[in-house]
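Secondary and tertiary structure notes
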Amino acid sequence: GDQVEQSPSALSLHEGTSSALRCNFTTTTRSVQWFRQNSRGSLINLFYLASGTKENGRLKSAFDSKELYSTLHIRDAQLEDSGTYFCAAGPRTGGYKVVFGSGTRLLVSP
Amino acid sequence: ETAVFQTPNYHVTQVGNEVSFNCKQTLGHDTMYWYKQDSKKLLKIMFSYNNKQLIVNETVPRRFSPQSSDKAHLNLRIKSVEPEDSAVYLCASSTTGGTLYFGAGTRLSVL
């Protein structure tokens, strides 16, 4: 079945540093979405990409549909960036199934 | 501002009872989803509806049944809960193939 491999599973950053999260897809996907889940459990959509890159403040995401991967870059990490980040693949053309990766737990410390 | 509304926020029940969760979206979307998030935070799709029609039905126990009266509502009934049903159930909506918007979730505890 469709698989989304997300890495790393956990990440610790000091304030002001930068890093990247990655998702690999085992099958062709038409789009990728990135979410952040906060401590209250709310899932907030960060990006939706069908191709290329998008940037929003200190966050930047890229999607390579041919090489089957997507990245989320966090620049100048802040305490409020802490949470669990999920990528999701799909749906494929004509489909309605959006499959999530296993998440990256990010902790930003002073 | 949340535009996908789930009730209840929490529900505690005993094994064998029936529970129902409600979900309503005011975004005008035509697709709605139920996801289950377990204690390890893994998100697994359960069902997906498009314009009131069941489109995705993952391998879930038969005691789970989704119900959609119109494209703005998607409820979930669990006929006889089991301990392994304890989880957070997340409802979401989207345009066809578009960005998912999630509700705040319903946390179910089965004693």
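Residues numbered from 1 in each chain as written. Chains lettered and ligands numbered in written order. Predicted model: local features only at pLDDT ≥ 70, side-chain atom pairs only at ≥ 80, totals over all residues. Heavy atoms only, no water.

1. Notes on the overall build of chain B
To keep it simple, the criterion reads: Secondary structure elements are defined from DSSP: runs of H or I of at least 4 residues count as helices, runs of E of at least 2 residues count as strands, and each element is numbered from the N terminus. Every radius of gyration here is taken over C-alpha atoms, with the globule rule written as 2.2 Å times N^0.38, N being the number of residues. Here the term buried applies to any residue with accessible area under 20% of the maximum for its type, exposed to any over 50%, and partly exposed to those in between, with areas from a 1.4 Å probe on protein chains only. Here, two residues are considered to be in contact whenever any of their heavy atoms come within 4.5 Å of each other. Think of it this way: Lys and Arg go in the positive column, Asp and Glu in the negative one, and His and the chain ends go nowhere. Charge positions are represented by NZ for Lys, CZ for Arg, CG for Asp and CD for Glu.
When its secondary structure is counted, chain B shows zero helices and eleven strands. The order of helices and strands in chain B, counted from the N terminus, is β-β-β-β-β-β-β-β-β-β-β. What you see for chain B is a C-alpha radius of gyration of 13 Å, in line with the 13 Å of a compact globule of 111 residues. Summarising its shape, the C-alpha atoms of chain B cover approximately 35 × 30 × 25 Å along the three principal directions. A total of 111 residues make up chain B; the buried ones form 46% of that total. Pairs at least 24 apart in sequence give 52% of the contacts found in chain B among residues at least 6 apart. Taken as two groups, the 12 positive and 9 negative side-chain charges of chain B have centres that lie 1 Å from each other.

2. Considerations on the pairing of strand β6 (residues 53–57) of chain B
All names here are of chain B. To be explicit about the condition: For two strands to be treated as a pair, DSSP must find no fewer than two bridges joining them.
Bridge analysis of strand β5 (residues 43–50) against β6 gives four bridges, and the strand direction is antiparallel. Bridging across to β6, Asn50 finds its partner in Gln53. Adjacent in sequence and paired antiparallel, β5 and β6 are bridged by two residues, among which Asn51 carries a positive phi angle near 50 degrees.

3. Let's talk about the sheet that holds strand β1 (residues 4–7) of chain B
Residues and elements named next belong to chain B. Stated formally: The convention used is that axes are lines fitted to C-alpha atoms, helices contributing only their stretch in contact, and that angles between N-to-C directions extend from 0 to 180 degrees.
Taken together, the four strands give an open sheet; going across it, the order is β1-β3-β8-β7, and neighbouring strands pair in antiparallel fashion. The sheet terminates laterally at β1 and β7 (64–67), the two strands that pair on one side only. Taken pair by pair, the neighbouring strands of this sheet meet at an average axis angle of 15 degrees, ignoring direction. With three bridges connecting them, strand β3 (residues 19–25) and strand β8 (residues 75–78) associate as antiparallel partners. Looking across to β8, one finds that Val19 is bridged to Ile78.

4. As for the interface of chain B and chain A
Our working rule: By definition, the buried area sums, over both parts, the 1.4 Å-probe accessible area that each loses when the two are put together. Salt bridges are identified by distance alone: a Lys or Arg side-chain nitrogen within 4 Å of an Asp or Glu carboxyl oxygen. The term polar contact refers here to a pair of N or O atoms within 3.5 Å; inside protein, the definition further demands a hydrogen-donor-capable atom paired with an acceptor-capable atom, and it admits residues adjacent in sequence only when both atoms are side-chain atoms.
With 22 residues of chain B at the interface, the matching set in chain A holds 16 residues. For the pairing of chain B and chain A, the buried interface totals around 1700 Å² over both sides, and the portion due to carbon and sulfur atoms is 59%. Of all residues in chain B, the largest losses of buried area upon contact with chain A belong to Lys41, Leu43 and Gly97 of chain B, amounting jointly to 29% of the total for that side. Counting the contacts that link chain B with chain A gives zero salt bridges. Across the chain B-chain A interface, the total number found is seven residue pairs in polar contact (both at pLDDT 80 or more). Within the residue set of the side of chain B that touches chain A, elements represented by two or more residues are β4 (31–37), β5 and β6 of chain B.

5. Examining the sheet that holds strand β3 (residues 19–25) of chain A
All names here are of chain A. Ordered by their spatial adjacency, five strands build an open sheet running β1-β3-β8-β7-β6, and the pairing between neighbours is antiparallel. Looking at which strands have only one partner, the edges of the open sheet turn out to be β1 (4–7) and β6 (52–56). Strand-to-strand twist in this sheet, taken as the mean axis angle between neighbours without regard to direction, amounts to 15 degrees. Pairing of β3 with strand β8 (residues 69–74) involves six bridges; the strand directions are antiparallel. If you follow Arg22 over to β8, its bridge partner there is Thr71.

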